[in-house]
Amino acid sequence: MKGSIIQDKSIAFALRIIRLYKYLTITAEQKEYVLSKQLLRSGTSIGANVKEALRGQSRPDFRAKMNIALKEACETEYWLDLLYKSDYINESLYTPLSNENVEIIKILTSIVKNTET
């Protein structure tokens, strides 16, 4: 059950990150390429690692991949904060994405803690 919830949330989040990346590099008046590329990489990597974890070969493999997904979510938090604090994105773009990322971090933290060996 938790696997499907985190998988669904991480895919939906990745799609929002892709849309933000397109906005920052194509649509925005002040184009931004460096931070947004980092955000794209880390924000989409969360779901990729979750997907790998769900196909893990063992419980330790599952936990390790979920822990990588958690690290990517924490990195994503950093890039979102930088984009917001440097005025590339406004509060109305930042807040929903940040809240969603925090929720993903909480779920992944719970999964990692509950699969400790």
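Right, let's walk through the structure included here. (Residues numbered from 1 in each chain as written. Predicted model: local features only at pLDDT ≥ 70, side-chain atom pairs only at ≥ 80, totals over all residues. Heavy atoms only, no water.)

## Re the overall build of the protein chain
When its secondary structure is counted, the protein chain shows 4 helices and 0 strands. Ordered by position from N to C terminus, the α and β elements of the protein chain give α-α-α-α. What you see for the protein chain is a C-alpha radius of gyration of 15 Å, in line with the 13 Å of a compact globule of 117 residues. Along the first, second and third principal axes, the C-alpha set of the protein chain runs to 50 × 20 × 20 Å. In the protein chain, which comprises 117 residues, the proportion classed as buried is 43%. Considering only residue pairs separated by 6 or more positions, the protein chain has 73% of its internal contacts joining residues 24 or more positions apart. Entry remark: accessible area of the protein chain is about 6800 Å², with carbon and sulfur atoms responsible for 54%. Each charge class in the protein chain can be summarised by its mean position, and for the 17 positive and 14 negative side chains these summaries are 7 Å apart. (Helix = DSSP H or I, 4+ residues; strand = E, 2+ residues; numbered from the N terminus. Rg over C-alpha atoms; globule rule 2.2 N^0.38 Å. Buried < 20%, exposed > 50% of the residue type's maximum accessible area, 1.4 Å probe, protein only. Contact = heavy atoms within 4.5 Å. Areas by Shrake-Rupley, 256 points an atom, 1.4 Å probe, with all protein chains shown as cover. Lys, Arg positive; Asp, Glu negative; His and termini not counted. Charge placed at Lys NZ, Arg CZ, Asp CG, Glu CD.)

## Quick notes on the packing of aromatic side chains
All told, the structure shown has 2 aromatic pairs when counted by the stated rule. Aromatic pair Tyr78 and Trp79: ring centres 4.9 Å apart, planes at 70°, arrangement edge-to-face. We classify Trp79 as buried; its relative accessible area is 12%. Measuring from centroid to centroid gives 4.3 Å for Tyr84 and Tyr94, while their planes differ by 10°, and the two rings are stacked. Of this pair, Tyr84 sits in helix 3 (residues 59–85) while Tyr94 sits in helix 4 (residues 91–114), and the two are 10 residues apart along the sequence. For Tyr94, a relative accessible area of 15% translates into the label buried. (Phe/Tyr/Trp six-rings, centres within 6.5 Å; stacked < 30°, edge-to-face > 60°.)

## Structural notes on the pattern of salt bridges
What the rule picks out here adds up to 6 salt bridges. Among the salt bridges present, the one from Glu103 reaches Lys9, with a minimum N-O distance of 2.9 Å. Residue Glu103 is found in helix 4, and its partner Lys9 is found in helix 1 (residues 2–27); the two are separated by 94 residues along the sequence. Overall, the relative accessible area of 36% leaves Glu103 in the partly exposed class. Among the ionic pairs, Arg63 bridges to Glu116, the shortest N-O distance being 3.7 Å. (Salt bridge = Lys/Arg side-chain N within 4 Å of Asp/Glu carboxyl O.)

## Some details on a nonpolar patch on the surface
Together, Ile11, Leu15 and Ile18 give the surface a local cluster of nonpolar side chains, amounting to about 240 Å² of exposed area. Counting through the fold element by element, Ile11 comes out in helix 1. Residue class for Ile11 comes out partly exposed when judged on its relative accessible area of 45%. (Patch = residues over 30% accessible without salt bridge, like charges linked within 9 Å, V, L, I, M, F, W, Y side chains within 5 Å.)

## Regarding the packing of helix 2 (residues 34–54) against helix 3
Two quantities define a packed helix pair, namely the angle between the axes and the distance from one axis to the other. Two elements in contact, helix 2 and helix 3, have axes separated by 8 Å at closest approach and are oriented at 160°. It follows that helix 2 is roughly antiparallel to helix 3 by the angle criterion. Considering the relative orientation of helix 2 and helix 3, their crossing is left-handed. Here the contact of helix 2 with helix 3 is built from residues that sort into 15 nonpolar, 6 polar and 5 charged. (Axes fitted to C-alpha atoms, helices over the stretch in contact; angles between N-to-C directions. Parallel < 35°, antiparallel > 145°, perpendicular 65-115°, else oblique. Left-handed = near helix turned anticlockwise from the far one by under 90°. Nonpolar A, V, L, I, M, F, W, Y, C, P; charged D, E, K, R; others polar.)

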